[in-house]
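# Architecture and fold: a report
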Amino acid sequence: MITSKVIAHRGASRLAPENTLAAFRKARDAGASWIEVDVALTADGQAVIFHDEQLNRCSNGHGWLLNHTLAELQRLDAGSWFAAEFHNEQIPTLEALLLWAAEQSINLNLEIKPVIGREAETVDALVIALQAAQARHNHIASQLLLSSFNPLALAHVRAALPTIPRALLTEAIPADAVLRLQQLDCEGLHFCAELVDQAAILALNNSGFSVRAYTVNHTAAADALIAMGVNAIFSDIPDLAITSAHITPG
Ligand code: G3P
Ligand code: MG
């Protein structure tokens, strides 16, 4: 089975609580070579892995993640909401994830998810975590693809980490997607698979940009997207069967 066209979305998030080490380990065990995670900012300037702005859905905490320190967040149970067996799962730090990924030779798509108005601070926290991880694994930056829905975050991270590739996240593919990618100096576009637009994908292909679609959990849908020129799909099922030839999402 070819899995390299599949990016594990928040880890193997069908099998384990999303964005936890349990989900990352299950993605690795399923053969994933790429994992997508969401990067958020704590009250004390740390980068952690969590999708929502609010803690309620994926932990036993409440309110804004941004209003909690790392120490407060690490006391939370980030697994029981999914299944009782995961009650020991914590919200991971980005630094811990980077070290794990380096040791496992796993590539990461770090989706930067700043609270609006905290773009620079979120990027600063990412950079600090990366520098700390690089002290032990200096090659880790070469295993990263950065992405964001937020153009300010992309601009900040371009200035801070100019050599790490970036992708723009959207829902629908914008009519001016090529221009936006050129202006933001991004290598690709990540869009919502339900809003697929074959002509827009072709235009991006012809301009040399990568195109990736989220979130695809059925083989037929994945195959149809790949046939249209999508380079990779994000899936909650990292060993989803893909029938077409091997392309890495770098
Ligand atoms: O990065 C792809 C996908 O994760 C974007 O949407 O809401 O799942 O973070 P979301
Ligand atoms: Mg995401």
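Residues numbered from 1 in each chain as written. Chains lettered and ligands numbered in written order. Predicted model: local features only at pLDDT ≥ 70, side-chain atom pairs only at ≥ 80, totals over all residues. Heavy atoms only, no water.

## Things to note about the site of ligand 1
In the vicinity of ligand 1, the residues found are His9, Arg10, Glu36, Asp38, His51, Glu111, Lys113, Phe149, Leu169 and Tyr214. In this structure, an oxygen atom belonging to ligand 1 sits 2.7 Å away from a side-chain N or O atom of Arg10. Glu111 is positioned such that a nitrogen or oxygen atom in its side chain is 2.7 Å from an oxygen atom of ligand 1. Isolated, ligand 1 exposes 290 Å² of accessible area, and the fraction of that covered by the protein chains is 91%. Its residues assigned to classes, the shell around ligand 1 comprises 3 nonpolar, 2 polar and 5 charged. (Near = heavy atom within 4 Å. Polar contact = N/O pair within 3.5 Å; in protein donor to acceptor, adjacent residues only side chain to side chain. Areas by Shrake-Rupley, 256 points an atom, 1.4 Å probe, with all protein chains shown as cover. Nonpolar A, V, L, I, M, F, W, Y, C, P; charged D, E, K, R; others polar.)

## Observations concerning the coordination of the magnesium ion (ligand 2)
Taken together, Glu36 (OE), Asp38 (OD) and Glu111 (OE) make up the full set of protein donors to the magnesium ion (ligand 2), lying 2.0 to 2.2 Å away. Expressed as a motif, the donor residue spacing for the magnesium ion (ligand 2) is E-x1-D-x72-E. Of this pair, Glu36 sits in strand β2 (residues 34–41) while Glu111 sits in strand β4 (residues 107–112), and the two are 75 residues apart along the sequence. The class of Glu36 is buried, set by a relative accessible area of 4%. Its relative accessible area of 4% is what places Glu111 among the buried residues. (Donors = N, O, S within 2.8 Å, 3.2 Å for Na, K, Ca; no water. Helix = DSSP H or I, 4+ residues; strand = E, 2+ residues; numbered from the N terminus. Buried < 20%, exposed > 50% of the residue type's maximum accessible area, 1.4 Å probe, protein only.)

## Side note on the pattern of salt bridges
This model, assessed by the stated rule, comprises 11 salt bridges. Between Arg28 and Asp29 there is a salt bridge; the shortest N-O distance is 3.0 Å. Of the residues examined, Asp29 reaches a relative accessible area of 57% and is grouped as exposed. Counted as one network, the salt bridges with shared partners bring together Arg10, Glu18, Asp38, Asp52 and Arg57. (Salt bridge = Lys/Arg side-chain N within 4 Å of Asp/Glu carboxyl O.)

## Some thoughts on helix α7 (residues 198–206)
When α7 is considered as a whole, its buried residues turn out to be Ala200, Ile201 and Leu204. The arc that holds every buried residue of α7, seen down its axis, measures 100°, which confines them to one face. Exposed and oriented more than 90 degrees from the buried face of α7 are Ala199 and Asn206. Of the surrounding secondary structure, the elements contacted by the buried residues of α7 are α6 (177–184), β7 (188–192) and β8 (210–214). If you check the start of α7, you find a side-chain oxygen 3.1 Å away from the backbone N of Ala199, and it comes from Asp197. In the stretch just after α7, Gly208 is the one whose phi turns positive, near 85°. (Arc of directions from axis to C-beta. Contact = heavy atoms within 4.5 Å.)

## Re unusual backbone geometry
Glycine aside, residues mostly have negative phi, and peptide bonds are mostly found in the trans state. Cis geometry marks the peptide bond from Tyr214 to Thr215; its omega dihedral reads -15°. Position of Thr215 relative to the elements: it lies in the loop between β8 and α8 (219–227). Its identity is not glycine, yet Asp185 carries a phi of approximately 55°, on the positive side.

## Describing the packing of helix α4 (residues 119–134) against helix α5 (residues 151–160)
Contact pair α4 / α5: the axes reach a minimum separation of 9 Å and the direction vectors enclose 40°. When the axes of α4 and α5 are compared, the pair comes out oblique. The element α4 and its partner α5 pack so that their crossing is right-handed. Contact residues: Glu119, Ala120, Val123 and Val127 in α4; Leu152, Ala153, His156, Val157 and Ala160 in α5. When its residues are assigned to classes, the contact of α4 with α5 shows 7 nonpolar, 1 polar and 1 charged. (Axes fitted to C-alpha atoms, helices over the stretch in contact; angles between N-to-C directions. Parallel < 35°, antiparallel > 145°, perpendicular 65-115°, else oblique. Left-handed = near helix turned anticlockwise from the far one by under 90°.)

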